Amino acid sequence: MPEESIIKEEDRFHEAKGEPFDSAVCPGCGCLCEDIDLTLENNRVVQAFHACSWGLSKFHLGHRFLREPKHAKLVFPARKEPTGGPLPVSYEEGYEQAAAFLLQANRVVFFGLCQMTFDAQLLAISLIKHFNATVYPSEGMLLTPFFKALKQHPAGIATQEEIRQLATTIVFWGANPLHSCPRLSPRYAVFAAGINAPERHIARKAFYTDPYENDTGFFALRIPITPENEVDRAKELTEIIEEGSFSVPKELDALVKAIESSPFVALFVGRGIAYSATPDALMEALFALRNAINQKKPCVLLPVISDFNAMGFYLALIQSGIDPAESPQVCADLLAYQPKKGDTLICIGSDPFWFFSDAQREAIQSLYIPVVSISSLQNQTTHAADLVLPVALTGVEAEGLAYRMDGVPIFLRQVIPTAQPTDFTVLKAIQERILTEPSHG
Amino acid sequence: MADMKVLDVYRLLPRTNCRQCGMVCMAFASALLTGKAKPEDCPPFAEEEKYAEALQKLQEAFGDKGEREATGLSIDRDKCDGCGICAAVCEISLEKSQELANGKGARRFESPVIVIVDGLITIKNPDACRRMVPDAPTCNACVDLCPSKALTFL
Ligand code: SF4
Ligand code: SF4
Ligand code: SF4
Ligand code: SF4
């Protein structure tokens, strides 16, 4: 039998011809993988090494989004026609319109802001301050409770590299690393070799919390929880660690033993905490657990972040004098947003319409609330928006600074050219029009 | 027939080293696993009735499936999400790539068994896979630890 017929052609390794562009940074999630080797031909990425399928879709500008092919790159700025279809406009017209929508608003509400460069985030925050706007960051469900708890329980953070080297007990609390950050476990948390774990996953013990078994179970033991008992579970664990106990419940036994015998413990907390009845209290309880373990051995708590620069946004808030732990402007749950007549919504690098309830969507429409979307890729929000301003995709078509989920700054490189402006340029242009408006000077 | 190593294949062959296939039996087993030969290429199989059962087993494993990687690994591309756990747990890949051992993707000049290319597992160096090396310890690491169940051995 000829070899060709027995090996599937597409499974073989073929090196694509083209120009190498090595060590690009992936804007696919908060891991910001900085080891992506690309091959370019005619300013297109024709081969990508090491990016997971999620990250790959970014380098292909959404064209080869394996799971959701509809997320393609936006092409031109557009206003929604009265009939509902998109009417192409120039960027200049778009900036004027966006500024007009913002200036006419009684209340400006920002959504997203976690998938843009740090500089653009600082600029967006200056607009938030200017309008005294409300903001629903796309990672608000995780990071608003995180920063609230961090303020109560000040704690240092370790880098992913330190976790890889030192941690041998890994707990994913409300986090499914395989879905939110596919390469987190092979690169840092579980499978990579470290000083304390030369035998990689064999030397580490991993756990995850969930009411049900899921694919994390392939390498981690499940700690069963329910939305109702989750906080108590964390408190119970803290008590056992602090005081020791002769009667450790069966479900916590392996975890307690692992923590006791491990030189370094890493707690990864994910968006799943939003399902808890009381996410703020749960985050508090997890920080208390972290501190209890930390009395005996180093323990860090890190958020598992999907949106690549969510950490950057919260750091930008703090740098701009807005305390995300205290400010009523910074909200967590976008389902709590109550549309009001006179609102203007501005959605940047995010898709709140995917998450909104039907009631929220209907209210936004019936109250004629203008929606501005600044985005690279198509999504439900760009379909619903009254004004869409496409921007260059950071990390692929534009460069800029972002903060990894552990707070490490990483500079994303531009891989291919584009004629589209960056999110920074668009916000700057809108800001200029707002500041030159006589009544708002 | 899942999880067939070169020795398992070898045991099913006539093991006479008659060289009618142009090689010895062990080499032929390896050629079957890499898809470089098919079971019928061993003439004694076709000629002698006593090998019928073994031939059938090998044909089931290496017949006209057309979906096997050179290592005998079958990849379900719809399930794989390119997480790279398979590469990270492959001892041989780690030996062949210092970068991989450090938690990064292998460099272009390195030759691990597995690399993630275009968001999918891809076999770059099939000959190095433990399943291809006679007498190497049994290895299922990549299959066992793929959380998406995207891999099976034929
Ligand atoms: S894990 Fe995240 S940063 Fe790394 S390649 Fe996948 S999407 Fe990109
Ligand atoms: S023809 Fe068959 S029996 Fe003879 S050496 Fe080859 S594999 Fe072995
Ligand atoms: S085969 Fe499995 S472990 Fe390997 S990249 Fe695909 S999904 Fe991940
Ligand atoms: S079978 Fe073992 S050696 Fe072969 S690719 Fe899988 S993990 Fe690597």
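Just so it is clear, the structure is predicted and the values come from calculations on it, not from any experiment. (Residues numbered from 1 in each chain as written. Chains lettered and ligands numbered in written order. Predicted model: local features only at pLDDT ≥ 70, side-chain atom pairs only at ≥ 80, totals over all residues. Heavy atoms only, no water.)

Moving on: unusual backbone geometry. Only a minority of non-glycine residues have a phi that is not negative, and only a minority of peptide bonds are not trans. All names here are of chain A. In this structure, leucine 32 is a non-glycine residue whose phi angle is positive, near 45 degrees. The topology assignment puts leucine 32 in the loop between β1 (19-24) and β2 (36-41). Non-glycine residue arginine 200 carries a positive phi angle of around 50 degrees. Looking at the secondary structure, you find arginine 200 in the loop between α8 (184-189) and β9 (205-210). With a relative accessible area of 5%, arginine 200 lands in the buried category. (Helix = DSSP H or I, 4+ residues; strand = E, 2+ residues; numbered from the N terminus. Buried < 20%, exposed > 50% of the residue type's maximum accessible area, 1.4 Å probe, protein only.)

Time to look at the site of ligand 4. Near ligand 4 the following residues occur: Cys90, Ile92, Val113, Ile114, Cys129, Arg130, Arg131, Cys139, Ala141, Cys142 and Phe153 of chain B. Split into classes, the residues belonging to the shell around ligand 4 amount to 9 nonpolar, no polar and 2 charged. (Near = heavy atom within 4 Å. Nonpolar A, V, L, I, M, F, W, Y, C, P; charged D, E, K, R; others polar.)

A separate point is the interface of chain B and chain A. Each partner contributes to the interface: chain B provides 48 residues, whereas chain A provides 48 residues. Around 3,900 Å² of area is buried between chain B and chain A when both sides are counted, 50% of it from carbon and sulfur atoms. Three residues, Arg77, Arg108 and Asp118 of chain B, lead the burial of chain B against chain A; their summed loss comes to 18% of the area buried on that side. Remark: the boundary between chain B and chain A carries 5 salt bridges. Put simply, arginine 107 of chain B and aspartate 37 of chain A hold a salt bridge, and the shortest N to O gap is 2.8 Å. Across the contact surface, chain B and chain A share 14 residue pairs in polar contact (both at pLDDT 80 or more). Sorting the residues of the side of chain B that touches chain A by element identifies α5 (85-89), α6 (91-96), β2 (114-117), β3 (120-123) and α8 (141-145) of chain B as the ones contributing at least two each. Partitioning the side of chain B that touches chain A into residue classes produces 18 nonpolar, 11 polar and 19 charged. (Contact = heavy atoms within 4.5 Å. Buried area = accessible area lost by both parts, 1.4 Å probe. Salt bridge = Lys/Arg side-chain N within 4 Å of Asp/Glu carboxyl O. Polar contact = N/O pair within 3.5 Å; in protein donor to acceptor, adjacent residues only side chain to side chain.)

Here we take up the sheet that holds strand β5 (residues 86-88) of chain A. Residue and element names in this part refer to chain A. Spatially, the 7 strands line up as an open sheet ordered β5-β4-β15-β14-β13-β6-β7, and their pairing is mixed. One side of each edge strand has no neighbouring strand; the edge strands of this open sheet are β5 and β7 (134-137). Each neighbouring strand pair of the sheet contributes to a mean axis angle of 20 degrees, computed without reference to strand direction. By the bridge criterion, 4 bridges tie strand β6 (residues 107-112) to β7 in an arrangement that is parallel. If you follow valine 109 over to β7, its bridge partner there is threonine 134. (Pairing = 2+ DSSP bridges. Axes fitted to C-alpha atoms, helices over the stretch in contact; angles between N-to-C directions.)

A word on the packing of aromatic side chains. Evaluation of the coordinates by the stated rule reveals 17 aromatic pairs over all chains. For arginine 15 of chain B, the ring lying beneath its charged end belongs to tyrosine 10 of chain B, and the centroid distance is 5.9 Å. (Phe/Tyr/Trp six-rings, centres within 6.5 Å; stacked < 30°, edge-to-face > 60°. Lys NZ or Arg CZ within 6 Å of the ring centre and 35° of its normal.)

Let's shift gears to empty space enclosed by the protein. Gaps between atoms show up when a probe of the same size as a water molecule is rolled over them. One pass over the structure, following the stated rule, counts 5 cavities of 30 Å³ or more. Here the largest cavity is characterised by a volume of approximately 180 Å³. Secondary-structure elements contributing two or more residues to the lining of the largest cavity are α8 of chain A together with α5 and β2 of chain B. The element that contributes the greatest number of residues to the lining of the largest cavity is β2 of chain B, accounting for 3 residues. Here the residues of the lining of the largest cavity sort into 13 nonpolar, 4 polar and 4 charged. (1 Å grid on protein atoms, 1.4 Å probe; cavity = no way out; pocket = protein on both sides within 12 Å on 5 of 7 lines; lining within 4 Å. Points joined across faces, edges and corners; volume = space filled by probe spheres on them.)

All right, on to the packing of helix α5 (residues 140-152) of chain A against helix α11 (residues 279-294) of chain A then. All names here are of chain A. Contact geometry for α5 and α11: axes closest at 9 Å, N-to-C directions at 50 degrees. In terms of orientation, α5 and α11 fall into the oblique class. Crossing geometry of α5 relative to α11 is assigned as right-handed. Across the interface between the two elements, Leu142, Pro145, Phe146, Lys148, Ala149, Leu150 and Gln152 of α5 pack against Pro279, Asp280, Met283, Glu284 and Phe287 of α11. When grouped by side-chain class, the residues that make up the contact of α5 with α11 number 8 nonpolar, 1 polar and 3 charged. (Parallel < 35°, antiparallel > 145°, perpendicular 65-115°, else oblique. Left-handed = near helix turned anticlockwise from the far one by under 90°.)

Bringing the domain arrangement of chain A into the picture now. In many analyses, interface size is given as the accessible surface area lost on bringing the parts together. Residue and element names in this part refer to chain A. With domains assigned, chain A is organised as domain 1 (3-59), domain 2 (78-139 + 308-394 + 418-435) and domain 3 (143-303). For domain 2 and domain 3, the distance between their C-alpha centroids amounts to 34 Å. Taken together, the contacts link 13 residues of domain 2 with 8 residues of domain 3. By the criterion of area lost to domain 3, the three top residues of domain 2 are Glu139, Met311 and Ala325, representing 47% of everything that side buries. Where domain 2 packs against domain 3, one counts 3 salt bridges. (Domains from an automatic or database assignment.)

Residues and elements named next belong to chain A. At a closest axis distance of 11 Å, the pairing of helix α9 (residues 230-243) and helix α10 (residues 250-261) adopts a crossing angle of 45 degrees. It follows that α9 is oblique to α10 by the angle criterion. At the point where α9 passes α10, the crossing takes the right-handed sense. When α9 is examined against α10, the residues Arg233, Glu236, Leu237, Ile240 and Ile241 are found in contact with a partner set consisting of Glu251, Leu252, Leu255, Val256 and Ile259.

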